[in-house]
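# Coordinate inspection notes
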Number of protein chains: 2
Amino acid sequence: SLPWMSAQAADEPIQPIEPVKEINLALSELGKKLYFDPRLSRSGFISCNSCHNLSMGGTDNLQTSIGDKWQQGPINSPTVLNSSMNLAQFWDGRAADLKEQAGGPIANPGEMAFTHTLAVDTLSSIPGYRREFRLVFGEDGVNIDKITSAIAEFEKTLVTPNSRFDHWLLGDQDALTATEKAGYELFKNSGCAACHNGPAVGGNSFQKMGLVQPYQTDNPAEGLSAVTGKDADRFMFKVPTLRNVELTYPYFHDGAAQTLTEAVDIMGRLQLGRKYSAEENAQIVAFLKTLTGDQPQFMLPILPPSVDETPVPRPFD
Amino acid sequence: SLPWMSAQAADEPIQPIEPVKEINLALSELGKKLYFDPRLSRSGFISCNSCHNLSMGGTDNLQTSIGDKWQQGPINSPTVLNSSMNLAQFWDGRAADLKEQAGGPIANPGEMAFTHTLAVDTLSSIPGYRREFRLVFGEDGVNIDKITSAIAEFEKTLVTPNSRFDHWLLGDQDALTATEKAGYELFKNSGCAACHNGPAVGGNSFQKMGLVQPYQTDNPAEGLSAVTGKDADRFMFKVPTLRNVELTYPYFHDGAAQTLTEAVDIMGRLQLGRKYSAEENAQIVAFLKTLTGDQPQFMLPILPPSVDETPVPRPFD
Ligand code: HEC
Ligand code: HEC
Ligand code: HEC
Ligand code: HEC
Ligand SMILES: [Ca+2]
Ligand SMILES: [Ca+2]
Ligand SMILES: [Ca+2]
Ligand SMILES: [Mg+2]
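Computed from a prediction, not measured in an experiment: that's the story for all the values here.

Conventions and cut-offs
- Residues numbered from 1 in each chain as written.
- Chains lettered and ligands numbered in written order.
- Predicted model: local features only at pLDDT ≥ 70, side-chain atom pairs only at ≥ 80, totals over all residues.
- Heavy atoms only, no water.
- Helix = DSSP H or I, 4+ residues; strand = E, 2+ residues; numbered from the N terminus.
- Rg over C-alpha atoms; globule rule 2.2 N^0.38 Å.
- Lys, Arg positive; Asp, Glu negative; His and termini not counted.
- Charge placed at Lys NZ, Arg CZ, Asp CG, Glu CD.
- Donors = N, O, S within 2.8 Å, 3.2 Å for Na, K, Ca; no water.
- Domains from an automatic or database assignment.
- Contact = heavy atoms within 4.5 Å.
- Salt bridge = Lys/Arg side-chain N within 4 Å of Asp/Glu carboxyl O.
- Polar contact = N/O pair within 3.5 Å; in protein donor to acceptor, adjacent residues only side chain to side chain.
- Nonpolar A, V, L, I, M, F, W, Y, C, P; charged D, E, K, R; others polar.
- Near = heavy atom within 4 Å.
- Buried < 20%, exposed > 50% of the residue type's maximum accessible area, 1.4 Å probe, protein only.
- Tetrahedral: all angles 85-135°; square planar, octahedral: opposite > 155°, others 65-115°.
- Least-squares fit on C-alpha atoms with pLDDT ≥ 70 in both.
- Axes fitted to C-alpha atoms, helices over the stretch in contact; angles between N-to-C directions.
- Parallel < 35°, antiparallel > 145°, perpendicular 65-115°, else oblique.

To continue, consider the overall build of chain A. The secondary structure content of chain A amounts to twelve helices and four strands. Relative to a compact globule of 317 residues, whose C-alpha radius of gyration would be 20 Å, chain A shows 21 Å and is just as compact. Structurally, chain A occupies a C-alpha span of about 65 × 45 × 30 Å along its principal axes. Here chain A contributes 26 positive and 38 negative side-chain charges, whose respective centroids are spaced 2 Å apart.

What follows is the structure, given as structure tokens:
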């Protein structure tokens with residue numbers, strides 16, 4: 001347990017979000033620009049922020065995402081908020097960390113539909129970027145490794161401290177209402193915290209979706225077994241963070257649950273074999289809403305303009 | 001001429017951008033949220049900022065825009081920067097002002113593809129918006145008139161003062177290089193300033209595209225005649241502002257000119273019957289780039305979350 005935690009927090013399954021430390025600020029500022037730059041996509045229209053909108057909890061709030069040419073994505077877009085705390089990235093954990101993850105969507109034909117070579121060519125053509133990469137890396141040249149390092153560094157800053165629940169963990173007894181406290185007690189005592197725990201209230205293990213009772217879905221995603229090849233890992237998904245869960249609707253890997261009420265009911269029945277009363281469900285939902293923290297606050301980045309040599313986006317070919 | 005102008009500026013066809021005054025700040029802050037909110041579109045994916053990206057000069061930098069379901073737009077998306085100075089809105093001037101304009105794209109099937117009723121229902125369902133509308137308007141209720149007033153008030157703040165050209169107009173002789181000054185002399189003396197003048201360097205008249213020599217394009221847009229019904233108004237377009245023109249590529253209503261070099265060459269030949277040498281063209285382009293001003297700087301807005309009652313976006317129906 002951390003020295004700055006109150007005695008109270010030290011005994012709880014959830015810890016406050018730690019402030020971000022050791023950020024390479026210039027690298028993160030570059031990454032912020034790249035995160036907002038649709039020129040990393042074939043169409044010139046889709047950026048990371050299109051699907052992980054930082055005005056909307058780091059998600060698109062759609063059941064499944066819209067990709068290049070309006071293709072329907074296969075799975076719900078998880079929040080990038082607090083994603084640096086994940087044990088691995090993606091619902092099935094197939095990327096080890098944020099840097100490895102960031103290369104994926106750029107070249108994914110269903111998302112940004114570009115190639116790493118074209119992304120590098122595009123950024124290299126832009127004097128404002130050339131200059132900034134040189135400043136940040138202390139050498140000439142843009143490559144995909146530098147691009148993904150910068151995006152990952154920016155993503156490390158996307159934490160959401162200071163939720164009312166963290167106030168309570170840090171010793172402010174009045175930070176939660178009686179209903180919210182009752183919801184938290186239920187969350188702990190009925191077993192939710194077995195899977196949703198730690199500072200991110202999730203993100204630190206893979207667990208079977210449908211442990212007690214199978215989950216019905218048309219979505220073909222298989223979970224961890226797609227990565228490990230092991231049959232035992234079928235339908236094991238990374239436990240999502242419940243930080244900011246009020247903002248990250250709809251819920252589950254297939255985005256099938258539109259409301260928290262529905263998600264909590266399903267979790268109770270499928271993971272714990274317990275049917276909550278309407279009152280209990282509402283208490284848990286009230287608790288979950290106390291996990292909304294300070295959203296990252298920053299100036300909208302201004303992107304360096306393309307020049308005559310920059311490859312022209314071709315959204316309609 | 002304005003009292004704060006230098007003697008120099010008073011004689012020029014271009015005036016510095018005046019600082020914005022009399023902003024209703026709470027109204028504009030609400031409008032900023034709405035400007036960034038994709039829930040004003042049927043899909044939940046497209047906001048004003050998708051096509052008028054304030055990270056990219058208030059445009060999408062595409063030849064023609066991408067609308068709902070990836071529909072190809074009919075015309076190049078003009079910048080919203082300094083659009084409050086336009087004598088009318090749209091290439092053909094069919095909206096009188098920003099407030100009238102803002103209702104258009106929400107209900108345009110090729111853009112946001114929503115209806116005003118659904119937009120109002122969506123915002124009304126969101127407690128954070130209900131509260132903010134009440135605060136701003138001093139009464140309960142959301143309607144399309146309030147929505148477009150707020151967006152228009154935000155757009156009034158989107159001016160770009162402080163360009164190097166304005167520094168020069170305000171008396172700093174060293175703000176421009178010799179090449180840029182030569183370009184400005186050519187711009188004035190060869191006749192560009194007859195149409196591109198005033199503080200926005202355009203935006204204050206309709207003029208024929210292809211005055212001396214006809215403009216060849218596949219784009220079916222007819223210009224002002226579509227509004228007035230007069231044959232004489234065929235191919236009259238609102239003269240675009242040249243403020244921030246370095247950022248608003250590609251050029252012309254059909255987005256056919258990718259570079260400023262090309263646009264200046266075409267303007268010289270078609271509007272003035274003059275073929276510029278490569279050196280003259282480069283001088284004019286250098287001058288035009290001095291018109292890039294301070295881009296609006298503000299925090300990325302955080303949007304109030306939807307709740308259980310909020311209509312669910314249906315991007316794929
Ligand atoms: C077209 C939509 C789309 C775009 C564009 C997109 N993403 Fe994603 N992102 C998704 C979806 C969907 C997933 C989940 C995929 C999966 O788990 O199989 C995801 C997963 C992630 C994750 C893993 C989060 C977690 O908890 O597992 C991170 C981090 C992420 N994206 C960051 C980015 C970055 C950075 C970019 C830009 C370089 C980007 N995304 C572009 C839709 C998108
Ligand atoms: C055995 C492990 C386990 C237990 C116990 C568990 N969960 Fe989960 N939870 C998961 C997994 C795995 C997912 C992701 C499932 C998916 O998307 O298919 C999830 C998803 C969720 C989601 C949706 C989050 C999102 O962003 O999509 C919520 C909300 C949630 N759980 C709340 C709870 C609550 C409340 C309880 C107790 C009633 C609970 N969970 C018990 C493993 C568990
Ligand atoms: C799908 C792309 C798209 C979306 C979304 C969109 N616009 Fe536009 N906008 C355009 C295009 C294209 C034009 C030019 C249309 C014309 O002139 O006929 C335009 C014109 C304008 C103009 C007129 C500028 C001028 O100089 O004439 C303003 C102002 C404007 N839009 C603001 C907005 C606002 C506010 C929203 C959101 C409520 C919005 N736009 C949504 C593409 C879009
Ligand atoms: C007779 C009026 C007139 C004259 C003279 C004129 N322009 Fe234009 N200019 C226009 C009109 C109208 C447009 C829009 C045409 C269109 O999009 O179809 C335009 C468009 C432009 C554009 C593209 C702006 C954009 O955002 O798309 C540039 C750059 C430009 N003019 C520069 C110049 C220069 C440089 C000169 C002098 C060589 C010049 N203009 C002379 C009327 C004029
Ligand atoms: Ca890891
Ligand atoms: Ca979700
Ligand atoms: Ca343009
Ligand atoms: Mg429009």
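There is one protein donor for the iron atom of ligand 1, namely His52(A) (NE2), at 2.1 Å. Residue position: His52(A) is located in the loop between helix 3 (48–51) and strand 1 (66–67).

Turning our attention to the domain arrangement of chain A. Residue and element names in this part refer to chain A. For chain A, the assigned domains are domain 1 (21–156) and domain 2 (164–289). Spacing between the C-alpha centres of domain 1 and domain 2 amounts to 27 Å. The interface of domain 1 with domain 2 comprises 22 residues on the first partner and 27 residues on the second. At the junction of domain 1 with domain 2, the criterion picks out zero salt bridges. Applying the counting rule to domain 1 against domain 2 returns nine residue pairs in polar contact (both at pLDDT 80 or more). A class-by-class count of the residues in the side of domain 1 that touches domain 2 yields ten nonpolar, ten polar and two charged.

Next up on the list: the site of ligand 3. Residue and element names in this part refer to chain B. Neighbouring ligand 3 are 27 residues, the closest being Cys48, Cys51, His52, Phe90 and Lys238. Between a nitrogen atom of ligand 3 and a side-chain N or O atom of His52, the distance comes to 2.8 Å. Measuring from an oxygen atom of ligand 3, one finds a side-chain N or O atom of Asn86 at 2.9 Å. Elements with a contribution of two residues or more to the shell around ligand 3: helix 3 (48–51), helix 4 (98–107) and helix 7 (144–156). The element best represented in the shell around ligand 3 is helix 4, accounting for four residues.

Okay, unusual backbone geometry next. Residue and element names in this part refer to chain A. In this model, Tyr249 is joined to Pro250 through a cis peptide bond whose omega is -10°. Within the element layout of this structure, Pro250 appears in the loop between strand 4 (236–238) and helix 11 (260–272). Even without a glycine there, the phi angle at Ala113 is positive, about 60°. Along the chain, the position of Ala113 falls in the loop between helix 4 (98–107) and helix 5 (116–125). Positive phi outside glycine occurs at Asn244, with the angle close to 60°. Along the polypeptide, Asn244 turns up in the loop between strand 4 and helix 11. On the basis of relative accessibility, which here comes to 1%, the residue Asn244 falls in the buried class.

So, on to the environment of Gly223(B). Residue and element names in this part refer to chain B. Within the element layout of this structure, Gly223 appears in the loop between strand 1 (206–208) and helix 10 (225–228). Since its relative accessible area comes to 4%, Gly223 is described here as buried. Expressed as a C-alpha distance, the spacing of Gly223 and Phe206, which sit 17 residues apart in the sequence, is 9.1 Å.

Moving on, we come to the coordination of the iron atom of ligand 4. Residue and element names in this part refer to chain B. Around the iron atom of ligand 4, the donor atoms from the protein are His196 (NE2) and Met267 (SD), and they sit 2.1 to 2.3 Å away. Coordination at the iron atom of ligand 4 comes from six donor atoms whose angles at the metal span 87 to 180°, giving a geometry best classed as octahedral. Linking His196 in the loop between helix 9 (178–189) and strand 1 with Met267 in helix 11 (residues 260–272), this pair joins segments that are 71 residues apart in sequence. The partly exposed category is assigned to Met267, whose relative accessible area is 24%.

What follows is about the relation of the copies chain A and chain B. With an RMSD of 0.0 Å, the operation that places chain A on chain B is a rotation of 180° combined with a shift of 0.0 Å along the axis. Taken together, these values place the two copies in the relation of a two-fold axis. Closest approach to the rotation axis within chain A is made by the C-alpha atom of Met299(A), at a distance of 2.0 Å. Looking at the interface residues of chain A, 100% of them are also at the interface in chain B, so both copies use one shared face.

Here we take up the packing of helix 5 (residues 116–125) of chain B against helix 6 (residues 127–137) of chain B. Residue and element names in this part refer to chain B. Running from N to C, helix 5 and helix 6 cross one another at 95°; their axes reach a closest spacing of 5 Å. Of the possible angle classes, the one that applies to helix 5 and helix 6 is roughly perpendicular. Contacts between helix 5 and helix 6 involve Leu123, Ser124 and Ser125 from the former and Pro127, Tyr129, Arg130 and Phe133 from the latter. Tallied by class, the residues present in the contact of helix 5 with helix 6 amount to four nonpolar, two polar and one charged.

Right, let's talk about the site of ligand 2 for a bit. Residues and elements named next belong to chain A. Residues in close proximity to ligand 2 total 24 residues, the closest being Cys192, Cys195, His196, His253 and Met267. Within the side chain of His196, an N or O atom sits 2.9 Å from a nitrogen atom of ligand 2. Between ligand 2 and Phe252, the relevant distance is 2.8 Å, taken from an oxygen atom to a main-chain nitrogen or oxygen of the residue. Tallying contributions element by element places helix 11 first for the shell around ligand 2, with six residues. Counted by class, the shell around ligand 2 contains 17 nonpolar, seven polar and no charged residues.

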